[in-house]
Amino acid sequence: MANTGKGITISGLEDCTRMFDQAPENLLKVSKTAARAAGRETAKYIKKGVPARWKKLTRAKVTTTQNGSLNVGIGLFNGHQQSGHQNKKSKIDDWSKAYWANYGTLQHRDPAHVFQTPVKHNKTAASQRRRNKGGQMHQNFFEGAIAGFEKTFLSAFERSLKEQEDKLYER
């Protein structure tokens, strides 16, 4: 198992997936159940390190890809919740606010994070200086919250498989 920075990679997973393709249908059900249990437990682990305002965004989702592989996504998900002070004309999702708090805004952006869009520049130098005095400093709370999640996920996954061991042999 290796942490690639974007998730974990489990060596031998292709062989395991090939074995699942040849196994009974209930094996996939047991695996999904174990993945859901591990995802829920890992989401609880991550919530401990996330500021209270953003805890409600932390979830786990288990999906099946087109080729039949299991995919578990754990983190802050945009459910389009909007709380706190909102502008009457344009509401801002809490997920966006959490993203800005984690990675910063304007001149206070996290230099280690790769952003898809650059900071937009104002037409005049005076308005640019005035605008850049503002902005939110990056907190990087998410990186701290996910540290060590792999161990939590794998132990919960194994525990769930052991609890369901009798279902593996059912036909």
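See the structure printed just above.
Details of the overall build of the protein
Helix and strand content of the protein: 7 helices and 4 strands. Beginning at the N terminus, the succession of helices and strands in the protein can be written as β-β-α-α-β-β-α-α-α-α-α. Burial statistics for the protein: of 171 residues in total, 27% are counted as buried. In the protein, 60% of the contacts between residues at least 6 apart in sequence involve partners at least 24 apart. Only carbon and sulfur atoms are counted for the fraction: they give 54% of the accessible area of the protein, which is about 12,000 Å².

Quick notes on the packing of aromatic side chains
Tallied over the entire structure, the rule returns 3 aromatic pairs. For the pair F153 and F157, a centre-to-centre distance of 6.1 Å together with 20° between the ring planes defines the contact as stacked. Here the residue F153 and the residue F157 both occupy positions in helix α6 (residues 149–163), the gap between them amounting to 4 residues, near one helical turn. Using a relative accessible area of 11% as the deciding quantity, one classes F153 as buried.

Regarding the nonpolar core
Listed in full, the 10 residues of the largest apolar core are I46, V50, W54, L57, L76, A98, A101, F141, F142 and A145. Of all elements in the fold, only α3 (94–103) and α5 (141–146) reach the threshold of two or more residues within this core. Top element by residues in this core is α5. It accounts for 3 residues.

Things to note about α3
Judged by how many residues are buried, α3 sits mostly within the fold: 7 of 10 residues are covered. Where α3 is concerned, the buried positions are D94, S96, K97, A98, A101, N102 and Y103. Contacts made by the buried residues of α3 are with β4 (70–76) and α5. G104 sits one or two positions beyond α3 and adopts a positive phi of about 80°.

Quick look at the pattern of salt bridges
Counted according to the given criterion, the structure contains 2 salt bridges. The residue D94 makes a salt bridge to K56 at a minimum N-O spacing of 3.4 Å. Here K56 lies in the loop between α2 (25–47) and β3 (58–64) and D94 lies in helix α3, a separation of 38 residues in the sequence. The class for D94 is buried, based on a relative accessible area of 0%. Judged by its relative accessible area of 40%, K56 is partly exposed.

Comments concerning the pairing of β3
Within a regular beta strand, the side chains point alternately toward one face of the sheet and then the other, so they alternate between its two faces. Across 7 bridges, the pairing between β3 and β4 is antiparallel. The residue bridging R59 from the neighbouring strand is G75, located in β4.

Focus on the side chain of T105
With respect to the secondary-structure elements, T105 resides in the loop between α3 and α4 (125–132). If sequence neighbours within four positions are ignored, T105 has contacts with W100, G135 and Q136.

Section: a positive patch on the surface
Taken together, the side chains of R36, R40, K44 and K47 define a basic patch exposed on the protein surface. Here K47 shows up in helix α2.

Here's the deal with the environment of P111
Looking at the element boundaries, P111 is found in the loop between α3 and α4. Judged by its relative accessible area of 75%, P111 is exposed. In this structure, the C-alpha to C-alpha distance between P111 and H138, residues 27 residues apart in sequence, is 9.4 Å.

Regarding α6
Taking 1.5 Å of rise per residue, 15 residues should cover 21 Å, and α6 covers 21 Å from first to last C-alpha, within 8% of that figure. For α6, the complete set of buried residues consists of F149, E150, T152, F153, A156 and S160. In a view along the axis of α6, the buried residues occupy a sector of 165°, so they form one face of it. The exposed residues of α6 that point more than 90 degrees off its buried face are K151 and K162.

Scoring rules and cut-offs
Residues numbered from 1 in each chain as written. Predicted model: local features only at pLDDT ≥ 70, side-chain atom pairs only at ≥ 80, totals over all residues. Heavy atoms only, no water. Helix = DSSP H or I, 4+ residues; strand = E, 2+ residues; numbered from the N terminus. Buried < 20%, exposed > 50% of the residue type's maximum accessible area, 1.4 Å probe, protein only. Contact = heavy atoms within 4.5 Å. Areas by Shrake-Rupley, 256 points an atom, 1.4 Å probe, with all protein chains shown as cover. Phe/Tyr/Trp six-rings, centres within 6.5 Å; stacked < 30°, edge-to-face > 60°. Core = buried A, V, L, I, M, F, W, Y, C linked by side-chain atoms within 4.5 Å. Salt bridge = Lys/Arg side-chain N within 4 Å of Asp/Glu carboxyl O. Pairing = 2+ DSSP bridges. Patch = residues over 30% accessible without salt bridge, like charges linked within 9 Å, V, L, I, M, F, W, Y side chains within 5 Å. Lys, Arg positive; Asp, Glu negative; His and termini not counted. Charge placed at Lys NZ, Arg CZ, Asp CG, Glu CD. Expected span 1.5 Å × (residues − 1). Arc of directions from axis to C-beta.

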